[in-house]
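Here is how the chains run, residue by residue.
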Amino acid sequence: MMNDLFAQRVNPDVSSALAGLFPQDPNPTAVTFAAGSPNEQLFPVKEVQAAFNTAIDTQGAHLFQYQSAQGNSALREKLVTRIAKWGNVTTTADNILLTVGGQQGVELVAKTLLDPGDDIIVEVPTYIGALAAFDLYQPHYHAVPLQADGLDLDVLETTLQQHPNVKLLYTVPDYHNPTGITMSVAKRQQLVALANRYHFIILEDTPYRDLGYEGAPLPAIKSFDTEGRVIFLSSFSKILMPALRTGWLIADGELRDAILKMRLASDLETTGVTHAAINAYLDANDLDAHIQRMTTHYKQQRDAMLQSLTHYFPDEALFTHPAGGFFDWVTLPQGIDTGRLMLDVISPQAHVTYVPATNFYPQRDVHNALRLSFSGVNPTQIDAGMHRLGDQLKNAIHTAYPVFRGCFM
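Small disclaimer: the values here were computed from a predicted structure and weren't measured.

Conventions and cut-offs
Residues numbered from 1 in each chain as written. Predicted model: local features only at pLDDT ≥ 70, side-chain atom pairs only at ≥ 80, totals over all residues. Heavy atoms only, no water. Helix = DSSP H or I, 4+ residues; strand = E, 2+ residues; numbered from the N terminus. Rg over C-alpha atoms; globule rule 2.2 N^0.38 Å. Lys, Arg positive; Asp, Glu negative; His and termini not counted. Charge placed at Lys NZ, Arg CZ, Asp CG, Glu CD. Buried < 20%, exposed > 50% of the residue type's maximum accessible area, 1.4 Å probe, protein only. Pairing = 2+ DSSP bridges. Polar contact = N/O pair within 3.5 Å; in protein donor to acceptor, adjacent residues only side chain to side chain. Core = buried A, V, L, I, M, F, W, Y, C linked by side-chain atoms within 4.5 Å. Contact = heavy atoms within 4.5 Å. Patch = residues over 30% accessible without salt bridge, like charges linked within 9 Å, V, L, I, M, F, W, Y side chains within 5 Å. Areas by Shrake-Rupley, 256 points an atom, 1.4 Å probe, with all protein chains shown as cover. Salt bridge = Lys/Arg side-chain N within 4 Å of Asp/Glu carboxyl O. Phe/Tyr/Trp six-rings, centres within 6.5 Å; stacked < 30°, edge-to-face > 60°.

Chemist: Would you take a moment to explain the overall build of the protein for this structure?
Modeler: Across its full length, the protein holds eleven helices and 14 strands. Its C-alpha radius of gyration of 22 Å places the protein within 12% of the 22 Å reference for a compact globule of 409 residues. For the protein, the C-alpha atoms occupy an extent of roughly 65 × 55 × 50 Å along the three principal directions. Considering the protein, the positive charge centre built from 28 side chains and the negative charge centre built from 42 side chains are found 3 Å apart.

Right, dumping it as structure tokens:
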């Protein structure tokens, strides 16, 4: 055994928030609502293949040389134009850093800002991958609940008054993972004002921003940033392909410099071949037209999910109505443990999986909710899986299945 040599962040008694989330079920009728994976039938495979060929043909052997740690300059210039139109954010290519997916961006920010015991605020529930990244740096979490239009700012300000040394607030404002909620414009503005007043950094993580089904995206939180306190993070994973592993963040001045320093220590080199191929893809194709085709399909899947929730789920279940993204959030009566219920009953008997609520809370202390993803399943699968899942939830609630932890509130 060598775990006595490990750093504290590799605590063997604490499992990663990402471990074991997506169990495999060999049953041919199995339906998974767990993984938030894009629909691979929508990937522009031929166009991306041509883009790789174009990048290689154009740059030759030099393409495979070391490149800038910030990433392909032509691609960063395109992102400057895109975020100005798509998020009302004025920036420069020099303030953009390409990352290995959005996940690396979260981890780099955590590495840059957090020492053990530092105060950090997360909305709850929150993205599992962010918790996994933050956990490595052993922060002290403060949880702020979500309302229908985003963070509860009254609770947030009370938290800031009680904990004036908060360094970082993490939020997913657009089609939130896991709830599907979108933060209002007013709250985006107020959040920046609070960051200025209480001297903390906002990490705005928005990989689903393009995937709205009802109207245009709202202005980015970063668009209201007057003091360089907002780090904007997004990704090509949901709008092109996850395996391209290309995310991007915007940070200003000394904050950008500090994150770049962490990046150089992490991997030194960007995935230059992939970045050149994405740039060639954008030169030859209409990304917005591709996204429109995607959102047409995902909207159908979202609608099928909402219809199934209405038809098949127990009356006691409350669920969100996402205007975009991949997810719906279901809250059940107090006393239901959706993790135990899935492992003991729903997965083995109904052959349906989801992600239980406990994974989305830093203290793992909420059990009576679940995340459903509609992005990787078609309407027929949604109907069949939700029918079986709804029946099992009705049975659990109405027969007081022993996963209850107490009486309904």
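Chemist: Honestly, the pairing of strand S11 (residues 327–331) in this entry has me stumped. Any pointers?
Modeler: Look at any regular strand and the pattern is simple: side chains alternate between the two faces of the sheet. Within S11, four of the five residues are buried, which leaves the element mostly enclosed by the surrounding structure. As paired strands, strand S10 (residues 318–319) and S11 are joined by two bridges and run antiparallel to one another. The residue of S11 that forms the bridge with Phe319 is Val330. Note: S11 against strand S14 (residues 369–373), five bridges, orientation antiparallel.

Chemist: Teacher, can you tell me more about the side chain of Arg209 here?
Modeler: Counting through the fold element by element, Arg209 comes out in the loop between strand S7 (201–205) and strand S8 (230–235). Side-chain polar atoms of Arg209 contact the side chain of Asp174, separated by 3.1 Å.

Chemist: I'm lost on the nonpolar core in this one. Help?
Modeler: Most often, soluble globular proteins keep nonpolar side chains buried together rather than apart. If you look at the biggest cluster of nonpolar residues, it comprises 65 residues, and the most contacted ones within it are Phe33, Trp248, Phe313, Leu372, Met386 and Leu389. Of all the elements, helix H9 (residues 287–312) adds the most residues to this core, at nine residues. The contacts of Phe313, once residues within four sequence positions are left out, are Ser308, Val330, Leu372, Met386, Leu389, Gly390, Leu393 and Lys394. Judged by nonpolar contacts, the second largest core, of 38 residues, contains Val122, Ala130, Tyr137 and Phe360.

Chemist: It is not clear to me how a nonpolar patch on the surface should be interpreted in this structure. Could you clarify?
Modeler: A cluster of nonpolar residues, Leu5, Phe6 and Val10, forms a patch on the protein surface that exposes about 320 Å² of accessible area. Note on placement: Phe6 falls in the segment before strand S1 (31–32).

Chemist: So what exactly am I meant to see when it comes to the packing of aromatic side chains here?
Modeler: Between two aromatic rings, the relevant description is the distance of the centres plus the angle of the planes. In this structure the tally under the stated criterion is nine aromatic pairs. Where Tyr208 meets Phe327, the ring centres are 5.5 Å apart and the plane angle is 80°; that geometry is what we call edge-to-face. In this pair, Tyr208 is assigned in the loop between S7 and S8 and Phe327 in strand S11, connecting sequence segments 119 residues apart. You'll find Tyr208 and Phe327 in the same group, each marked buried. Ring geometry for Phe232 versus Trp248: centroids 5.6 Å apart, planes at 50°, classification tilted. Of this pair, Phe232 sits in strand S8 while Trp248 is found in strand S9 (residues 247–250), placing the two residues 16 residues apart along the sequence. The class for Phe232 is buried, based on a relative accessible area of 0%. Classification of Trp248 as buried rests on a relative accessible area of 2%.

Chemist: Would you mind showing me how to read the environment of His387 here?
Modeler: Along the chain, the position of His387 falls in helix H11 (residues 379–398). In this structure the C-alpha to C-alpha distance between His387 and Phe313, which are 74 residues apart in sequence, comes to 7.8 Å.

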